[in-house]
Amino acid sequence: MPTPRDPAPLFTGIVTEAEMAAAIDRSLAAHPDAFPARLAARNYLEQIIFPRSRRWAFISVGKNASSTTLRFLFEAEFGAPFTTQITPLDDINPSATVHRLADFGVFSRALRQGLSSADLLAPDGPRERLCIVRDPLARAVSGFRYLCKSHRLAARWFARDRLRMNAVVGFDWSTDPDTPRGMEKFLDYLEWQIATEGAHRVDGHWRAQTAFIHPQVFQPTLVGRIEDLPAFFRGLSDRLALDRPPAIGTENRQPQAPDTLLSGPAIARRVRDIFQQDYETFGY
């Protein structure tokens, strides 16, 4: 049986609400341009996951292979394959269980340990800061398909956005899912939400990656591309000095988008306009 590297490998609790609030305050003070509201700073700190060893911190971006990466990191950290299963009440992700690791002290989140954005960069912070990026067009289509899947399942997952799309852009959930017309309306809704509420209020599965990762704040030490995950995991294995790197699978992968969603230039052009900063920052 594998033995943990650390005799006390798990987290035993979280900090107080006051300490969490202080971490948010310090992050707002350090990066006012990145975080236009407390919610933006809170969401950022909530999405940064790390182990007690602090060998790494991973910012978990929706639709960017986060399930696959967390499974890899679990095995890398503990030397055992991830085999637990939980039936979620409302999450449509078939790999939802691996995202609960940070809720039960196996891993934790920056906010729950009282770490601010600056603390993550400190000498005693996580040694590696990891993120994965993706072609913005492929990610937008994948996010739209995931949204449509939630409707087909009549799930509570994404219910807020489904209801609001119906009202704001006239999205017809009986005819628009998985169609070019529906994709256009989805982009209409994203533009409306960014203009009226701000990019930080957009759901993390289709929020701009720059508005999610804040690379100028997170300062990743290793950036992977979903288009070449093996290269990312090879680099990560080297940095973590893994003798036997975990096997790489794929988790919660959406079907490849049919040509009908990408056949014309209009959708690609609109995605480029909406996610221009992602294209520029990550070189797509």
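Quick notes on the rules
Residues numbered from 1 in each chain as written. Predicted model: local features only at pLDDT ≥ 70, side-chain atom pairs only at ≥ 80, totals over all residues. Heavy atoms only, no water. 1 Å grid on protein atoms, 1.4 Å probe; cavity = no way out; pocket = protein on both sides within 12 Å on 5 of 7 lines; lining within 4 Å. Points joined across faces, edges and corners; volume = space filled by probe spheres on them. Helix = DSSP H or I, 4+ residues; strand = E, 2+ residues; numbered from the N terminus. Phe/Tyr/Trp six-rings, centres within 6.5 Å; stacked < 30°, edge-to-face > 60°. Buried < 20%, exposed > 50% of the residue type's maximum accessible area, 1.4 Å probe, protein only. Lys NZ or Arg CZ within 6 Å of the ring centre and 35° of its normal. Salt bridge = Lys/Arg side-chain N within 4 Å of Asp/Glu carboxyl O. Axes fitted to C-alpha atoms, helices over the stretch in contact; angles between N-to-C directions. Parallel < 35°, antiparallel > 145°, perpendicular 65-115°, else oblique. Left-handed = near helix turned anticlockwise from the far one by under 90°. Contact = heavy atoms within 4.5 Å. Nonpolar A, V, L, I, M, F, W, Y, C, P; charged D, E, K, R; others polar.

S.K.: I keep staring at empty space enclosed by the protein and nothing clicks. Help me out?
M.R.: The gaps left among the atoms become clear once a water-sized probe is rolled over them. Evaluation of the coordinates by the stated rule reveals two cavities of 30 Å³ or more. Quantified by volume, the second largest cavity comes out at close to 50 Å³. Ala40, Asn43, Tyr44, His200, Arg207, Ala211, Phe212 and His214 together form the lining of the second largest cavity. Breaking the lining of the second largest cavity down by element, the ones donating at least two residues are helix 2 (38-46) and helix 7 (209-213). Among the elements that take part in the lining of the second largest cavity, helix 2 stands out by supplying three residues, more than any other.

S.K.: Just to check I follow, could you spell out the packing of aromatic side chains for this structure?
M.R.: How two aromatic rings sit relative to each other is set out by the distance from centre to centre and by the angle between their planes. Scanning the entire structure with this criterion turns up 16 aromatic pairs. For the pair Phe35 and Tyr44, a centre-to-centre distance of 5.2 Å together with 45 degrees between the ring planes defines the contact as tilted. Summarising the burial analysis for this pair, Phe35 and Tyr44 share the class buried. Clustering of aromatic rings is evident, with ring pairs tying together Phe144, Tyr146, Trp157, Phe158, Phe171, Trp173, Phe186 and Trp206. Of note, Arg225 hangs over the ring of Tyr284, and the distance from its end group to the ring centre comes to 4.3 Å. In this arrangement the basic side chain of Arg272 is found over the ring face of Tyr279, its NZ or CZ atom lying 3.8 Å from the centre.

S.K.: Just to check I follow, could you spell out the pattern of salt bridges for this structure?
M.R.: A side chain with one charge can pair with a side chain of the opposite charge if their charged atoms come near. All told, the structure shown has 18 salt bridges when counted by the stated rule. Across the pair Arg26 and Asp119 runs a salt bridge, and its minimum N-O distance is 2.8 Å. Placement of the pair is Arg26 in helix 1 (residues 17-30) and Asp119 in the loop between strand 3 (108-109) and strand 4 (128-133), with a sequence separation of 93 residues. Where Lys185 meets Asp176, a salt bridge forms, and the shortest distance between an N and an O atom there is 2.8 Å.

S.K.: Is there a simple way to explain the packing of helix 3 (residues 66-78) against helix 9 (residues 229-239) in this structure?
M.R.: Relative orientation and spacing of two packed helices are given, respectively, by the angle between their axes and the distance between those axes. Interhelical geometry of helix 3 versus helix 9 gives an angle of 25 degrees and a closest axis separation of 12 Å. Considered as vectors, helix 3 and helix 9 are oriented roughly parallel to each other. Taken as a pair, helix 3 and helix 9 cross one another with a handedness that is right-handed. Contacts from Thr68, Thr69, Phe72 and Leu73 of helix 3 reach helix 9 at Phe232, Phe233, Leu236 and Ser237. In the contact of helix 3 with helix 9, the residues fall into five nonpolar, three polar and no charged.

S.K.: For this particular structure, what's the right way to read unusual backbone geometry?
M.R.: Note: most residues except glycine have negative phi, and most peptide bonds are trans. A positive phi angle, near 60 degrees, is found at Ala65, a position not held by glycine. Structurally, Ala65 is set in the loop between strand 2 (56-59) and helix 3. Phi is positive for His214, which is not a glycine, with a value near 50 degrees. Mapped onto the secondary structure, His214 falls in the loop between helix 7 and helix 8 (215-218). According to the relative accessible area criterion, His214 is buried, its value standing at 8%.

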